[in-house]
Amino acid sequence: MADNKVQSSKLKTILIYRLLERFSDEENPLSTTDLIEMLADEGISCERKSIYADIEALNDEKIGCDILSVKSPKRGFFMASRKFEIPEVMLLIDAVSSAGFITPKKTKKLIEKLKTLVSEKQAESLVSQFYVDAPTNKCDNEEIYIIIDLLHEAITTKKKVKFIYRRRSVDVQNKKKHTEKNFTVSPYALIWKDDHYYLVCNNEKYDNLMNLRIDRMKKLQILNADARDVSQVSQYEKEFDAGDYSSKMFNMFSGEECDVTLRCSLKLQEEMMDRFGAAIPLTACDISHFETTVKATLSDGLVSWIMQYGADIQVVEPLELADMVREKANAISKLYSEL
C-alpha cells in the first residue's frame, strides 16, 4: 500500500508538470482548483497543500522548472519559461511551411509537433497571427525523412550511396510524367539553399562535385563501399566546408571556382555585402560605381544572377564570364527582336 502511495505521488508531480506545460501561460494560469480537477480526470485525488509542495519541488534548482504564481488575470500558476520562445516557434513553423521539399502531409504533422513547444492557447494564436506564403509545389516524396536519415548516416560513416533520381518530364507524346536515372555517389554534406535541400556529392564517374535535390531521390541505400575522399574531387584538402561551398554557389549550379571582379552601381553596396559578406573589398571607381572581387563558381547560375541586375553590374574579370553574359544577353535580345 505504501509503495502505491509513493508511485501515485511521483505520478502526480509529473502530471502537474505536463498540465502546466500544455495548458498554462502568462495569460492563462491554472489555479489549484483547476489542477485538482484535471488530476481527478486522470484518476488521481489530492489535497490543495500537496499541489503547492509539488510545484515547490518542480521549482527546485535540481529540477530547474520556472513555475510562477500570479494573482492576475486570475490566481494560479503558469510555466514561465520554456525551451523555445514564441518567436522561435513562429520562425520554425514559417520555415517548415515554406520548405518545398517537405510534403504537405509531413508539413502538417511537423507543425503540430512544433505547436506543442508552447501552451495550447499560445499555439492557437500562432496560426492566426501570421500568414505563411507556402509554396504550391510541395514535393510528393514521402520517403524524404528516411532519405535524410540515411544520408546523414552515410556522410558520418563515409560510405557511398545509391538511389533513383527522378525528374519531371515534358515528354507529352509518350505521356511520361517523370524520367528516372540510377546514381551511385560519395556523399559529403546536406545543404538547404534557395528553398531546396541538396546533397553535395561526387558521381563516381567524374572527378568533381555535384548537387542533387533530396526530394527527387527514391529507394536510397547505403553501400559497403567507402566514399571517395573529398580531397580527390575538390579543393578541400582535409574536410568539406559546407559554408564556404554554399557561399560560392548560384542557384546551386556547380562549376570551376575563380576570382570574379564586378563593377557595380553604388546603390548595390549593401546588396553585394549581404550576398558575399561584409568583409569583401569595395574600391571606388567614380562617384557612382565601385569594384569588388569575390570567389564564385563559373556557371550558368552565376550568369543568371548577374543578369538580373541589368546595367548595374559589369563583369571585369574573368573574360570567360564576361563572354558568357554577353552571349546570354545577345540570345535574349535576338529572341525578342523577332517578335
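Calculation notes
- Residue indices begin from 1 for each chain and proceed along its sequence in written order.
- Local features in this predicted model are restricted to residues whose pLDDT is 70 or higher, and side-chain atom pairs enter the listing and the counts only when it is 80 or higher, whereas totals over whole chains, interfaces and linings include all residues.
- By convention in this description, side-chain values take in all heavy atoms of the structure and omit both hydrogens and water.
- The helix and strand labels rest on DSSP assignments: H or I over at least four residues marks a helix, E over at least two residues marks a strand, and numbering proceeds from the N terminus.
- Exposure is judged per residue with a 1.4 Å probe applied to protein chains only, and the accessible area is read against the type maximum: over 50% gives exposed, under 20% gives buried, and values in between give partly exposed.
- Only heavy atoms matter for contacts: two residues are in contact if any of them lie within 4.5 Å across the pair.
- Accessible areas in this description were obtained via Shrake-Rupley with a 1.4 Å probe; residue shielding takes into account the shown protein chains only.
- The charged-residue count follows a simple rule in which Lys and Arg add positive charge and Asp and Glu add negative charge, with His and chain termini not counted at all.
- By convention, the charge on Lys lies at NZ, on Arg at CZ, on Asp at CG and on Glu at CD.
- We define the nonpolar core as a collection of buried residues of types Ala, Val, Leu, Ile, Met, Phe, Trp, Tyr and Cys that are connected through side-chain atoms lying within 4.5 Å of one another.
- Throughout, an axis means a line fitted to C-alpha atoms (over the contacting stretch in the case of helices), and angles, computed between N-to-C directions, take values from 0 to 180 degrees.
- Reported orientations rely on four angle classes, namely roughly parallel under 35 degrees, roughly antiparallel over 145, roughly perpendicular from 65 to 115, and oblique for the rest.
- When residues are grouped by polarity, Ala, Val, Leu, Ile, Met, Phe, Trp, Tyr, Cys and Pro land in nonpolar, Asp, Glu, Lys and Arg in charged, and all others, Gly among them, in polar.
- Think of it this way: a Phe, Tyr or Trp ring, Trp meaning its six-membered ring, pairs with another when their centres are within 6.5 Å, and the plane angle makes it stacked under 30 degrees, edge-to-face over 60, tilted otherwise.
- Charges are assigned to positions over rings by a cutoff of 6 Å between ring centre and Lys NZ or Arg CZ, combined with an angular limit of 35 degrees from the ring normal.

Caption draft 1: Spatial organisation of the overall build of the protein. When helices and strands are counted, the protein shows 11 helices and 11 strands. Across its three principal directions, the C-alpha atoms of the protein cover 85 × 55 × 45 Å. The buried share of the protein, taken over its 339 residues, is 38%. If you take every contact in the protein between residues at least 6 apart in sequence, the share linking residues at least 24 apart comes to 62%. When the accessible surface of the protein is split by element, carbon and sulfur atoms take 50% of a total near 21,200 Å². Of note, the protein has its 48 positive side-chain charges centred 7 Å away from the centre of its 55 negative side-chain charges.

Caption draft 2: Focus on the environment of Met273. Along the chain, the position of Met273 falls in helix α9 (residues 269-276). Taking C-alpha positions, Met273 is 46 Å from Leu20, a pair spaced 253 residues apart along the chain. If we skip the residues at most four places from it in the chain, Met273 touches Ala278, Ile280 and Leu282.

Caption draft 3: Looking closely at the nonpolar core. Membership of the largest hydrophobic core comes to 29 residues, with the highest contact counts inside it found for Leu151, Phe163, Leu212, Ile214 and Met217. The biggest single contributor to this core is helix α7 (residues 144-157), with five residues. Setting aside chain neighbours within four positions, we find Met217 in contact with Asn141, Ile147, Leu151, Phe163, Ile164, Tyr165, Leu199 and Leu212. Within the second largest apolar cluster, 23 residues are counted, among which are Leu262, Ala296, Tyr309 and Ala322.

Caption draft 4: View of the packing of helix α4 (residues 86-98) against helix α5 (residues 104-115). Between α4 and α5, whose axes approach to 10 Å, the crossing angle comes to 175 degrees. Accordingly, the angle class assigned to the pair α4 and α5 is roughly antiparallel. Facing Val89, Leu92, Ile93, Val96 and Ser97 of α4, the residues of α5 in contact are Thr107, Leu110, Ile111, Leu114 and Lys115. Here the residues of the contact of α4 with α5 sort into seven nonpolar, two polar and one charged.

Caption draft 5: Examining the packing of aromatic side chains more closely. Scanning the entire structure with this criterion turns up nine aromatic pairs. Between Tyr52 and Phe77, the aromatic rings sit 6.0 Å apart at their centres with planes inclined by 65 degrees, giving edge-to-face as the arrangement. In this pair, Tyr52 sits in helix α3 (residues 48-58) while Phe77 sits in strand β2 (residues 76-79), placing the two residues 25 residues apart along the sequence. Grouping aromatic residues by their ring pairs yields a cluster made of Phe163, Tyr165 and Phe183. Taking the ring centre of Tyr145 as reference, the NZ or CZ of Lys106 above it sits at 5.3 Å. A cation sits over an aromatic face here: Arg275 above Phe276, 5.3 Å from the ring centre.

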